[in-house]
Amino acid sequence: ILTHLRSFEMEVNRFYTNHVMMVEPTKFFFNTETACDNEFMHNVEEDNEAIANKAIQEHRDLRAKIEEAGITVTKYEQMTDDLPDSLFPNNWFSTHKYPGNIDNRLVCVYPMKAPTRQREVNPKIIEDFTEPESHTIDLTGFCEKGQVLEGTGALIFDPVNLKVYANISQRCEKDVLDHFLEQFNSKCQEPFRSVVFSSCTSSGTPIYHTNVMFSVLSEHIVVCLESIPDEEERKKVVEEITSSELNKYPKKLLEISLDEVNNMCGNIICVLNKDQEPCVIMATTAYNGFKPENLEELKAHYKIIHSDVSTIEKIGGGS
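Residues numbered from 1 in each chain as written. Predicted model: local features only at pLDDT ≥ 70, side-chain atom pairs only at ≥ 80, totals over all residues. Heavy atoms only, no water.

**Student:** Go over the nonpolar core with me, naming the residues and quoting the values.
**Tutor:** Leu155, Phe180, Phe184 and Phe214 are the most contacted members of the largest nonpolar core, which has 64 residues in total. Residue contacts for leucine 155: discarding those within four places in its chain leaves Tyr110, Leu149, Val164, Tyr165, Ala166, Cys172, Leu177 and Phe180. Core analysis: the next-biggest nonpolar cluster, separate from the first, contains 19 residues, Ala55, Leu87, Val309 and Ile312 among them. (Core = buried A, V, L, I, M, F, W, Y, C linked by side-chain atoms within 4.5 Å. Buried < 20%, exposed > 50% of the residue type's maximum accessible area, 1.4 Å probe, protein only. Contact = heavy atoms within 4.5 Å.)

Okay, structure coming up:
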């Protein structure tokens, strides 16, 4: 049994990274362009300079804790002061390298909804992460058509089970997703397929990004089923997560509530440390916001890294 468990861990963990990229803010403030469909953003009556200083310190503290945990961090800085959401680079940029499926790094660049966010695309980052044998999928041409697919905010990859989970919203258009998946699968030895659904906040507002209510960890999938109003879609999501017929390695479903979503409990990521141990990075708001039984389940399987990013959360609407 122990050998089987170890084999499972090695098989699954090879799809997770021990290296993350972060973009440190130089200026951070409430972005009116993105607030129109992000209910989690809140404007505050505080000087923008003070807000920026708090956000910069929160970002540095988070980076320090990630590095202390034995995870490599490559740091960049915000290109210009008028791009306040630059510290969320995963929305316009992702890389993929899945041994036995995508052997050469695949770099993906995504079309953003807001003009300020479209300008975040940093050629230096793309160049630095492009290897000699890399492939690139550049979807930014969809911006001219007003079509959107906001990276791993919109797309949640399960590379072990060859799926992409996506909450359809103003930031995740099905037509662009289908085009992306066709391009993505052309670089894969085994194709991925999409699992799509629609989710809403407690007020009934569509959730703007999938990663607010959904996260794929090495052994679990964290999901807010309560946010999926359609019963058939809920059943489909549960089956896609847990069925042994639909998954090579079915995940354990960790269900969170809408209250937990409001505390950023869905907005967490799984990475490996230098000892190849799975770690979950989250905001302190999420750490304190999880139901005790959910937090204990995570602690039993992962090393937890959390840091206070409350300014970034409140004004930027994410963590």
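From this point, the discussion proceeds with the structure in view.
**Student:** Explain the pairing of strand E7 (residues 163-167) to me, and be specific about the residues and the numbers.
**Tutor:** Of all the five residues making up E7, five are buried; the element is thus mostly covered by neighbouring parts of the structure. Bridging between strand E6 (residues 155-158) and E7 involves four bridges; their strand directions are antiparallel. Looking across to E7, one finds that isoleucine 156 is bridged to tyrosine 165. Here E6 folds back onto E7, and the loop between the two strands holds four residues, one of which, leucine 162, carries a positive phi near 60 degrees. Two strands pair when backbone bridges link them, and E7 and strand E8 (residues 193-197) are joined in this way by five bridges, in the parallel orientation. Across the sheet, tyrosine 165 pairs through a bridge with valine 195, a residue of E8. (Helix = DSSP H or I, 4+ residues; strand = E, 2+ residues; numbered from the N terminus. Pairing = 2+ DSSP bridges.)

**Student:** I'd like a description of the sheet that holds strand E4 (residues 102-109), backed by residues and values.
**Tutor:** Consider a sheet: its strands pair through backbone hydrogen bonds, and that pairing is either parallel or antiparallel. Here we have three strands laid out as an open sheet, ordered E3-E4-E5, and mixed in their pairing. Each having just a single partner strand, strand E3 (93-98) and strand E5 (135-138) make up the two edges of the open sheet. Ignoring which end each strand starts from, the neighbouring axes of this sheet average 20 degrees apart. Summarising the sheet, E3 and E4 pair through five bridges and their orientation is antiparallel. (Axes fitted to C-alpha atoms, helices over the stretch in contact; angles between N-to-C directions.)

**Student:** Break down the environment of glutamate 277 for me, citing the residues and quoting the values.
**Tutor:** Position of glutamate 277 relative to the elements: it lies in the loop between strand E12 (269-272) and strand E13 (278-283). What makes glutamate 277 partly exposed here is its relative accessible area of 30%. For glutamate 277 and asparagine 13, which are 264 residues apart along the polypeptide, the C-alpha to C-alpha distance reads 8.2 Å. Filtering out sequence-adjacent residues up to four positions away, glutamate 277 remains in contact with Val271, Leu272 and Lys303. Separated by 2.8 Å, the side chains of glutamate 277 and asparagine 273 make a polar contact. (Polar contact = N/O pair within 3.5 Å; in protein donor to acceptor, adjacent residues only side chain to side chain.)

**Student:** Requested: an account of the pairing of strand E1 (residues 19-24), with residues and values cited.
**Tutor:** Here E1 lies mainly inside the structure; five of its six residues are buried. Taken together, the six bridges between E1 and strand E2 (residues 72-77) define a ladder with parallel strand orientation. Note on E2: the bridge partner recorded for valine 20 is valine 73.

**Student:** Describe the pattern of salt bridges, naming the residues involved and giving the relevant values.
**Tutor:** Charged atoms that come close allow side chains of opposite charge to pair. Evaluated as defined, the whole model comprises 18 salt bridges. A salt bridge links glutamate 131 to lysine 97; its shortest N-O distance comes to 3.7 Å. With a gap of 34 residues between them, glutamate 131 in the loop between helix H5 (123-129) and E5 and lysine 97 in strand E3 connect regions that are remote in the sequence. Using a relative accessible area of 28% as the deciding quantity, one classes glutamate 131 as partly exposed. (Salt bridge = Lys/Arg side-chain N within 4 Å of Asp/Glu carboxyl O.)

**Student:** Summarise the packing of aromatic side chains; cite the residues concerned and give the values.
**Tutor:** Within this structure, the stated rule accounts for 13 aromatic pairs. Judged by centre distance (5.3 Å) and plane angle (40 degrees), the rings of phenylalanine 180 and phenylalanine 184 are tilted. Of the two residues, phenylalanine 180 and phenylalanine 184 are both situated in helix H7 (residues 174-185); the distance of four residues between them amounts to about one turn of the helix. The pair formed by phenylalanine 180 and phenylalanine 184 is uniform in burial state, with each residue classed as buried. Through a chain of ring-to-ring contacts, the aromatic side chains of Phe15, Tyr98, Tyr110, Phe157, Phe180, Phe184 and Phe192 assemble into a single cluster. Above the ring of phenylalanine 142, the side-chain terminus of lysine 145 is found at 4.9 Å from the ring centroid. (Phe/Tyr/Trp six-rings, centres within 6.5 Å; stacked < 30°, edge-to-face > 60°. Lys NZ or Arg CZ within 6 Å of the ring centre and 35° of its normal.)

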